[in-house]
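# Survey of secondary and tertiary structure
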Amino acid sequence: MNFLTLFNALPGACAQGLIWGIMAIGVYLTYRILDVADLTVDGSFGTGGAVCVMCLLSGQNVWVSLLMALLAGLLDGTIDMIATDHAPHTAEQKNKPFAQSMSGITGLETAFSVLNTALVCTGKLTPMQLMRCMSQNPAQFYNLTGKSIEEGNRAELMIADWNADITYTSYRSKSSNTPFTGKPLKGEIKGIVCGTYTSLKQK
């Protein structure tokens, strides 16, 4: 390898080094600062990347490949939490060219139904595994104590029908920017219990 070839390769090598440096910072923060034995920062690159590449090489759609990478992470424990960054932007904020519109979708109201349909109904996760990813594991990660269902703890419960058919057509959010409108899904939230407050969905 001559000097010119080495010189031309430097930008790519520096970029790759920067990426791995950022990853190393993430590992340091989780292990040393947060004191959490979490390999998500490190393991998700290898696991998700390998699954995604193999799906793409077999001719799968890029979005299907990304979903399969997510599922692989869930199954092997690399991904142990699922959350939704609720982005209730107005229709005016979203109805613009892609680069100018606000990012995100309305996800809070559909999250359980979508995940139940895509993961539980297809046999990729059990109902208990999904509940751990959506509630128990995040609570443990952030050291939220008193969340177990025990006498003396504050009630924070969800009442759901896992087998109910539901199709979302309207939302309580400020906008309805979601790709799941009108799609038949499985699993419906019937009510919540939050402390002394109880809300049950009327038939």
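All of these numbers come straight from a predicted model, not from anything done at the bench.

Calculation rules
Each chain has its residues counted from 1, following the order in which its sequence is written. Selection of residues for local features in this predicted model requires a pLDDT of at least 70, selection of side-chain atom pairs for listing and counting requires 80 or more, and totals for whole chains, interfaces and linings are taken over all residues. Neither water nor hydrogens contribute to the side-chain values; these are computed over all heavy atoms in the structure. Runs of E in the DSSP output that reach at least two residues are strands. Runs of H or I that reach at least four are helices, and both are numbered from the N terminus. Whether a residue is buried, partly exposed or exposed follows from its accessible area with a 1.4 Å probe, protein chains only, as a fraction of its type maximum: under 20%, in between, or over 50%, in that order. Whether two residues are in contact is decided by their heavy atoms: any pair within 4.5 Å suffices. In short, Shrake-Rupley with a 1.4 Å probe defines the accessible areas, and a residue's cover is counted only from the protein chains shown. What is meant by a nonpolar core is a set of buried Ala, Val, Leu, Ile, Met, Phe, Trp, Tyr and Cys residues, joined one to another through side-chain atoms within 4.5 Å. Pairing of aromatic side chains requires ring centres within 6.5 Å, counting the rings of Phe and Tyr and the six-membered ring of Trp. Pairs whose planes differ by under 30 degrees are stacked, by over 60 edge-to-face, and all others tilted. Every patch collects residues that have over 30% relative accessible area and no salt bridge, joining them within 9 Å if they carry like charges and within 5 Å if they are nonpolar side chains (Val, Leu, Ile, Met, Phe, Trp, Tyr). For this analysis, a salt bridge means a side-chain nitrogen from Lys or Arg found within 4 Å of a carboxyl oxygen belonging to Asp or Glu. Looking at any residue, its pLDDT shows the predictor's confidence there, from 0 to 100. Interaxial angle, 0 to 180 degrees, is taken between N-to-C directions of lines fitted to C-alpha atoms, where a helix line uses only the stretch in contact. Any angle from 65 to 115 degrees is called roughly perpendicular, while one under 35 is roughly parallel, one over 145 is roughly antiparallel, and all others are oblique. Helix crossings get a hand from a simple test, with the near helix turned counterclockwise from the far one by less than a right angle marking a left-handed crossing and a clockwise turn marking a right-handed one. Here the nonpolar group is Ala, Val, Leu, Ile, Met, Phe, Trp, Tyr, Cys and Pro; Asp, Glu, Lys and Arg are the charged ones; every other residue, Gly included, is treated as polar.

## Describing the overall build of the protein chain
- Of regular secondary structure, the protein chain possesses six helices and three strands.
- Reading the helices (α) and strands (β) of the protein chain from amino to carboxyl end gives α-α-α-α-α-α-β-β-β.
- Among the 203 residues that make up the protein chain, the fraction classed as buried is 24%.
- In the protein chain, of all internal contacts separated by at least 6 residues, the share reaching a separation of at least 24 is 53%.
- A total accessible area of about 14,200 Å² is found for the protein chain, and carbon and sulfur atoms account for 62% of it.

## Some remarks on the nonpolar core
- In this structure, L71, I82, L115, L119, V120, L125, L130 and C133 together form the largest nonpolar core, which totals eight residues.
- Breaking this core down by element, the ones donating at least two residues are α5 (111–120) and α6 (127–141).

## Considerations on the packing of aromatic side chains
- Scanning the model with the defined rule gives three aromatic pairs in all.
- Judged by centre distance (4.9 Å) and plane angle (85 degrees), the ring pair of F141 and Y142 falls under edge-to-face.
- On the basis of an interplanar angle of 10 degrees and a centroid distance of 6.1 Å, the ring pair of Y168 and Y171 is categorised as stacked.
- Under the relative-accessibility criterion, Y168 is labelled buried at 10%.

## So, a nonpolar patch on the surface
- On the surface, a cluster of nonpolar side chains totalling about 430 Å² of accessible area is made up of L56, V62, W63 and L66.
- Looking at the secondary structure, you find L56 in helix α2 (residues 40–57).

## Overview of the confidence of the model for the protein chain
- Here the protein chain shows a mean pLDDT of 78. Residues at 70 or above account for 73%.
- Taken element by element, the protein chain is modelled with least confidence in helix α1 (residues 3–33), mean pLDDT 65, and with most confidence in strand β1 (residues 156–167), mean pLDDT 93.

## A look at the side chain of T110
- Residue position: T110 is located in the loop between α4 (91–94) and α5.
- Excluding residues within four positions of it along the chain, T110 makes contact with Y168, Y171 and F180.

## Side note on the packing of α5 against α6
- Running from N to C, α5 and α6 point in directions that differ by 135 degrees, and their axes come no closer than 11 Å. Classified by the angle between their axes, α5 and α6 sit oblique to one another. Crossing of α5 over α6 shows right-handed handedness. Across from A111, F112, L115, N116, L119 and V120 in α5, the residues of α6 making contact are P127, L130, M131 and M134.
- By residue class, the composition of the contact of α5 with α6 is nine nonpolar, one polar and no charged.

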